[in-house]
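Results of the structural survey
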Amino acid sequence: MKKQIARFWTLEWLGVLPLGALTFLVILPIIWMISTSFQSGDKMYQLTTEWIPSVFHWENYPNGLSRSAFPLFFLNSFIVSAAVMIGNIIFCTLAGYGLSKYRFRGDKIILLLILSTLMLPLEVTLVPTFLIIRKLNWLNTYQGIFAPLLIDAFGIFLMRQFMLRIPTDYIEAARIDGAGEFKILWKIIIPQCKPAIATMAIFSFRDSWDQFIWPLVIVSVDEYRTYPLGLVRFGEDYGNPPTEQMAIAVLATIPVFLIFWILQRSLRTGFTMSGLKG
Amino acid sequence: MLTIGRAQISVSRWQLSYESRIKFWGILFILPTILFFLIFKYGPMIWAIYLSFTGYDIVTKPKYIGLSNYISIFKDPIFLQALNNTLVYIVGSTIAITIIGLGLALLINTGIKASRFFMSSMFLTNIMPILAVCLVWRFLFHPHGLVNQFLSPLGLGRIDWLTNSYLALPAIIIVTAWRFAPYFMVVFLAGLLAVPKEIYEAADIDGVTPFSRFFRITLPMISPIVFFVVVVSALLCARIFLMPFIITGGGPGGATRVLSMLIYETGFSYLKMGRAAAISVILFLIMMVFTILQIRLFSKTEEY
C-alpha cells in the first residue's frame, strides 16, 4: 500500500517535466510570433540564438499599424464579428429551445435538415451566395459580410443538447402559473444556459474573426476590408518587414484571447455538458 | 356518463387548442433559422447544382450546356490533382488530429500535477487567428526557419518543406494537426472523464495491464467520441482553404491546391461560375458522405 502511494506520488510529480516540455514545444510557435514581433527586421532568421530580444522594438506595432489602414480593418472585423456573435446568440438560442422543448410534426426532420447544413459551408456555396449578395446590392457592405454567417448549425446543436438537460417540469409549472412562452425562455431557460451561450458566443466570434474566403470574395474596397485581407496584402507588398506583420498578428490574437480568458469557466461547463460527450 | 363524456370532450378540446398554441410558439422560435438556411444554405446549393449544368461568366446569362462542365473537369489534370490532394489531406489530417488529440487527452487525464494548466496552454493554438497560424508556420517552415533548426541535430540537412512537392502537403497537415488537435484534446478529455471510475477500479483489482486497460476498456467506452472527432475533423478539413492559400499558395506545381482553392480560382479569377459550381458539387458530395455518417451516429446516441 505504501509502495503504491509512493509510486502514485512520483508519477504525479515526475510527469510534470515531460508534459511541461511537450506543452512548451506546442506553444513555441506562439512564443516565436510574440518574440518576432519585437525583433529588428534584419534578425528574422537568427531566432534560436535570441528568443528574448536584447532590444525590444516596440515601434514595430505603431509602424505596422500605420502602413495600411489597420485600425479601420480591425474595426470592420469587430463590427462583423459582433454582428455574427449577436445573431448566433439570438437565433441559436431560439432555435435550440424550439427544437429541444417543443414537439410538433416534422421536428426531427427539421433538426436533421439543420444539422445537414454542416455540409454546406461557404466554401461549397461560394458562387451562388456571392450571386445572392450581389443581387441584394450588398457587395462591399457590412451586412454583405455578416449575413451568410448569422446562424450556425453547430450553435443550434450545442444549445439544443444543453437545453435537453433542463427538466421540462419547470416549464410546465411556469405555464400553469400563466407565464407566456417568451417569458419562460427569458426567465427560466436562458439563465440556466449561460455556459452554453458563452461557449457558442466565443466560437462564433472566433470563427467570424477568422473568416477569410468570404470577405475576400465580396469586399473590394478598403473601407470594408477586414483585418485578414489587410494582413495578407501587407505581406505581399514588397519591403514590408515580417516583424511588423507579426506585430499585427499578435494584435489580432489579443481580442480572441481576452474573450476566451474572461469566459473560461463557462467554456469548461459548456464543453462538458453540451452533449460533446457523445 | 354523458356529462362525464361531454366534460372530457370539452377538456380535450381545450387541451388541443392549448397544445397547438404551444406548438405554434415552438415553430415560431425555429422559423427565422429555417428561413435563413433556405436562403443561405439550401437555396444556394440548389442554385449551384443548376449552375453546374450551365456556362456562366456573370456578364452574360447562364447557358445550359448539360454535363459538359462535369465531363471537362474530370478530364482536367488540375482538378484531378486537387481532388486527390483534398482526399489525401482529409485522411492524413483526420488521422493526425484524432491520434494526437487522444494522446494528449490521455496524458492530461493521468492526473499529472498542473495538467489543467498545460491543457489551457495548449488550447492557445486554437485561439490564435488561423491567419496568424498560417503566417507564423510559413516562416517556421522556411529553409532557414525554426523547424529545420530544430531538426539540424538529426543531420537531415536543409529541408525545403514548402517547395518540395512531396513535403508541402505533409507540412500543411502538420500545421493542421497543431491547430486542431488541442481542440479535440478537450473533447476527448470530456469523454474520458465520463467513463465511470468503477470500471477502472474493477480492472485494477483484476490486475489488468495498462495496454489492455486502454484497448479493452477506455477505447470501447469512448468509441462514440472517437467517431465524432473523426467525422467533425474530416468535415473541417474538407473545407480547408486558408492554410494552403497562405502557406504554399497551392504550390509547388499544384501539390497543395485543394478543391476550395480551385473553386475560388475558377469562379473568381477566371469567372467560370458554372465550372466552379460543378467543382462545388463534387466537394459537396465528399462532405455529404461525412455528414451522413455523423447523422447516423447522432440518431444512434440520441435519447428522445
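Residues numbered from 1 in each chain as written. Chains lettered and ligands numbered in written order. Predicted model: local features only at pLDDT ≥ 70, side-chain atom pairs only at ≥ 80, totals over all residues.

1. Digging into the overall build of chain A
When you go through chain A residue by residue, the secondary structure sums to 15 helices and zero strands. Across the 278 residues in chain A, those meeting the buried criterion constitute 45%. Pairs at least 24 residues apart make up 80% of the contacts formed inside chain A by residues separated by at least 6 positions. (Helix = DSSP H or I, 4+ residues; strand = E, 2+ residues; numbered from the N terminus. Buried ≥ 20, exposed ≤ 12 C-beta atoms within 10 Å, placed from the backbone. Contact = placed C-beta atoms within 7 Å.)

2. Digging into the overall build of chain B
A count of helices and strands for chain B gives 13 helices and two strands. Projected onto the principal axes, the alpha-carbon positions of chain B cover approximately 95 × 75 × 30 Å. Within chain B, the fraction of its 304 residues that count as buried is 43%. If you take every contact in chain B between residues at least 6 apart in sequence, the share linking residues at least 24 apart comes to 72%.

3. As for the interface of chain B and chain A
Counting from both sides, the interface comprises 77 residues of chain B and, opposite them, 69 residues of chain A. The greatest single-element share of the side of chain B that touches chain A, amounting to 19 residues, is contributed by helix α1 (residues 2-51) of chain B. Of the residues belonging to the side of chain B that touches chain A, the class tally is 56 nonpolar, 17 polar and four charged. (Nonpolar A, V, L, I, M, F, W, Y, C, P; charged D, E, K, R; others polar.)

4. A few points about the domain arrangement of chain B
Residues and elements named next belong to chain B. We note that the domain assignment places domain 1 (2-51) and domain 2 (68-301) within chain B. Inter-centroid distance (C-alpha atoms) of domain 1 to domain 2 is 39 Å. Residue-level contacts link four residues of domain 1 with six residues of domain 2. When grouped by side-chain class, the residues that make up the side of domain 1 that touches domain 2 number four nonpolar, no polar and no charged. (Domains from an automatic or database assignment.)

5. Considering unusual backbone geometry
With a phi angle near 60°, N137 of chain A is a residue other than glycine that sits in the positive phi range. Structurally, the position occupied by N137 of chain A is in the loop between α6 (126-135) and α7 (142-146).

6. Considering the packing of helix α2 (residues 16-36) of chain A against helix α4 (residues 115-127) of chain B
Two quantities define a packed helix pair, namely the angle between the axes and the distance from one axis to the other. At a closest axis distance of 8 Å, the pairing of α2 of chain A and α4 of chain B adopts a crossing angle of 20°. In terms of orientation, α2 of chain A lies roughly parallel with respect to α4 of chain B. Taken as a pair, α2 of chain A and α4 of chain B cross one another with a handedness that is left-handed. In this structure, α2 of chain A uses L19, G20, T23, V26, I27 and I30 of chain A to contact α4 of chain B, whose residues at the interface are S115, F118, S121, M122, L124 and T125 of chain B. (Axes fitted to C-alpha atoms, helices over the stretch in contact; angles between N-to-C directions. Parallel < 35°, antiparallel > 145°, perpendicular 65-115°, else oblique. Left-handed = near helix turned anticlockwise from the far one by under 90°.)

7. Remarks on the domain arrangement of chain A
Often, the extent of an interface is quoted as the loss of accessible area on bringing the components together. Its domain assignment divides chain A into domain 1 (2-36) and domain 2 (61-273). On a C-alpha basis, the centres of domain 1 of chain A and domain 2 of chain A stand 34 Å from each other.

8. Remarks on the packing of helix α11 (residues 194-210) of chain A against helix α14 (residues 242-262) of chain A
All names here are of chain A. Where α11 meets α14, the axes come as close as 10 Å, and the angle between the chain directions of the two elements is 175°. In terms of their interaxial angle, α11 and α14 are classed as roughly antiparallel. Counted together, I202, F205, R206 and W209 of α11 and V256, I259 and F260 of α14 form the full contact between these two elements. Broken down by class, the residue content of the contact of α11 with α14 amounts to six nonpolar, no polar and one charged.

9. Some words on helix α9 (residues 210-221) of chain B
Its twelve residues place the ends of α9 of chain B 15 Å apart at the C-alpha level, agreeing with the 16 Å of an ideal helix rising 1.5 Å per residue. Burial within α9 of chain B is sparse, with just one of its twelve residues counted as buried. (Expected span 1.5 Å × (residues − 1).)

10. Concerning the nonpolar core
Grouped together as the largest cluster of nonpolar side chains are 167 residues, with contacts concentrated most on A249 of chain A together with C134, V136, M185, I279 and L283 of chain B. Tallying contributions element by element places helix α7 (residues 168-194) of chain B first for this core, with 18 residues. For A249 of chain A, the residues in contact, after removing those within four places along its chain, are M33 and L231 of chain A together with A132, L135 and V136 of chain B. (Core = buried A, V, L, I, M, F, W, Y, C linked by C-beta atoms within 7 Å.)

11. Considerations on the confidence of the model for chain B
It should be kept in mind that the predicted coordinates are not to be read in detail where pLDDT is low. Confidence along chain B averages 87 in pLDDT terms, with 93% of residues attaining 70 or more. Taken as a whole, residues 1-10 of chain B scores under 50 in pLDDT and shows zero contacts with residues more than four places along the chain or in a different chain. (pLDDT = per-residue confidence, 0-100.)

12. A few points about the environment of L235 of chain B
Its location among the elements puts L235 of chain B in helix α10 (residues 223-238). For the pair formed by L235 of chain B and Q294 of chain B, sequence separation is 59 residues and the distance between their alpha carbons is 9.8 Å. Setting aside chain neighbours within four positions, we find L235 of chain B in contact with L118 of chain A together with M287, F290 and T291 of chain B.

13. A short note on the environment of N240 of chain A
Residues and elements named next belong to chain A. As for its position among the elements, N240 is in the loop between α13 (227-236) and α14. Residue N240 is classed as partly exposed on the basis of its 17 C-beta neighbours within 10 Å. Residues N240 and C193, spaced 47 residues apart in sequence, show a C-alpha to C-alpha distance of 47 Å.

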